Amino acid sequence: MHGYSDILTKNLRNWVYLRENSAFGRRVANSKLRTKRILAKKGISVPRLIAVFKTQEDVFKFSWEKLEDNFVIKPASSSGGEGILVIRKRAKWAGEWFLMDGRKADIAYLRFHCLDILQGQFNIRGSQDKVFIEERIKIHPKFLRFTKLGTPDVRVIVYNRVPVMAMLRIPTEESGGKANLHQGAIGLGIDLATGITTYGVHNGQLINK
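Presented here is an overview of the structure given in this document. All values reported here derive from a predicted model rather than from experimental measurement. (Residues numbered from 1 in each chain as written. Predicted model: local features only at pLDDT ≥ 70, side-chain atom pairs only at ≥ 80, totals over all residues. Heavy atoms only, no water.)

1. Some thoughts on unusual backbone geometry
And step 1. Positive phi outside glycine occurs at Asn70, with the angle close to 55°.
And step 2. Turning to its location among the elements, Asn70 is positioned in the loop between α4 (56–61) and β2 (71–75).
And step 3. Classification of Asn70 as buried rests on a relative accessible area of 14%.
And step 4. At Arg161, a residue that is not glycine, the phi angle is positive and equals roughly 70°.
And step 5. Position of Arg161 relative to the elements: it lies in the loop between β7 (153–159) and β8 (162–170). (Helix = DSSP H or I, 4+ residues; strand = E, 2+ residues; numbered from the N terminus. Buried < 20%, exposed > 50% of the residue type's maximum accessible area, 1.4 Å probe, protein only.)

2. What to know about the pattern of salt bridges
And step 1. This model, assessed by the stated rule, comprises 5 salt bridges.
And step 2. Among the ionic pairs, Glu68 bridges to Arg90, the shortest N-O distance being 3.4 Å. Of this pair, Glu68 sits in the loop between α4 and β2 while Arg90 sits in strand β3 (residues 85–90), and the two are 22 residues apart along the sequence.
And step 3. The class of Arg90 is partly exposed, set by a relative accessible area of 24%.
And step 4. A salt bridge links Asp101 to Arg103; the nearest nitrogen and oxygen atoms lie 2.9 Å apart.
And step 5. On the basis of relative accessibility, which here comes to 37%, the residue Asp101 falls in the partly exposed class.
And step 6. Looking at Arg103, the relative accessible area reads 43%, which means it is partly exposed.
And step 7. A cluster of three or more residues bridged by salt bridges with shared partners is formed by Lys36, Lys74 and Glu134. (Salt bridge = Lys/Arg side-chain N within 4 Å of Asp/Glu carboxyl O.)

3. With respect to the packing of aromatic side chains
And step 1. Under the criterion given, the structure shown has 5 aromatic pairs.
And step 2. Aromatic side chains Phe53 and Phe62 sit 5.3 Å apart centroid to centroid with 65° between the ring planes, which places their arrangement in the edge-to-face category. Grouping residues by exposure puts Phe53 and Phe62 together as buried. (Phe/Tyr/Trp six-rings, centres within 6.5 Å; stacked < 30°, edge-to-face > 60°.)

4. Observations concerning the pairing of β8
And step 1. Note that β7 and β8 share 7 bridges and pair antiparallel. Its bridge partner lying in β8, Val154 is registered against Leu168.
And step 2. Hairpin geometry of β7 and β8 is characterised by an intervening segment of 2 residues between the two adjacent antiparallel strands and by a positive phi of about 55° at Asn160.
And step 3. For β8 and strand β9 (residues 186–190), the ladder comprises 5 bridges, and the chain directions are antiparallel. Each residue of the ladder has a partner; that of Ile170, found in β9, is Ile186. (Pairing = 2+ DSSP bridges.)

5. Considering the environment of Gln183
And step 1. Topologically, Gln183 is positioned in the loop between β8 and β9.
And step 2. A residue is classified by how much of its surface remains accessible, and Gln183, at 22% relative accessible area, is partly exposed.
And step 3. Once residues within four sequence positions are removed from consideration, Gln183 is found in contact with Gly80, Gly81, Glu82, Glu174, Ser175 and Lys178. (Contact = heavy atoms within 4.5 Å.)

6. Re the sheet that holds strand β5 (residues 104–106)
And step 1. A sheet is described by the order of its strands in space; here 6 strands give the open sequence β1-β6-β2-β3-β4-β5, paired in antiparallel fashion. Bordering the open sheet on either side are β1 (49–53) and β5, each of which pairs with just one other strand. In this sheet, neighbouring strand axes are inclined to one another by 30° on average, regardless of whether the strands run parallel or antiparallel.
And step 2. Here 3 bridges tie β3 to strand β4 (residues 96–99), and the two strands are oriented antiparallel to one another. The residue of β4 that forms the bridge with Ile87 is Leu99.
And step 3. Running over the sheet, helix α5 (residues 107–118) touches β1, β2, β3, β4, β5 and β6 (131–135) and is turned about 25° from β2. (Axes fitted to C-alpha atoms, helices over the stretch in contact; angles between N-to-C directions.)

7. A word on α5
Three- or four-residue spacings in an α-helix give side chains the same orientation, since the helix completes a turn every 3.6 residues.
And step 1. Between its terminal C-alpha atoms α5 stretches 16 Å, which fits the 16 Å expected from 12 residues at 1.5 Å a residue.
And step 2. Looking one or two residues past α5, Gly120 carries a phi angle of roughly 90°, positive in sign. (Expected span 1.5 Å × (residues − 1).)

8. Concerning the environment of Leu188
And step 1. By the secondary structure assignment, Leu188 is in strand β9.
And step 2. Classification of Leu188 by relative accessible area gives buried; the value is 14%.
And step 3. Distance from Leu188 to Trp64, taken between C-alpha atoms, is 37 Å for residues 124 residues apart in sequence.
And step 4. If near-sequence neighbours (up to four positions away) are discounted, Leu188 is found in contact with Ala166, Met167, Leu168, Ile170, Thr197, Tyr199 and Gly200.

Structure (structure tokens):
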């Protein structure tokens, strides 16, 4: 791209490509919740929204005991997987769950985490934020051989409405079951013409070609 490298670096992405996005587009992209709502409005399938918290009162009034297995707590405006809690299943006692990385969390822990999000601890601009809970998408059988923890996904980059590159993001034990590269997941480049993976990156290091 532009003769720089076979790998699109973050700085090059920001300088050459992201700056061409509209102000409205950036606002949407910077909010997981707003993105989710726009996609749903356009008829694109998204994980089921369970709850949205805008205030501390919302957090304490919510009936946590009614939550079942497989849900995710997310800040509306964070990046790199920061502040995301992935809950895998219920523990033995009511009001307790196991996170994707095996740790146990109770209602008090989840509430405290949500309050941190509201205060902007994970917000990309450092300002107050919203919290939302959505269903956790279970792993597709085709991906079972790639990871034992978390759910891989495919990310496609579109430029001027044309898909130009894609990657398969694979969660690891280090990433706590998240598919975020900043958390330690593995990214495998995908050749769009063939569907074959090419380069692999882990913690910023090339691991495969």
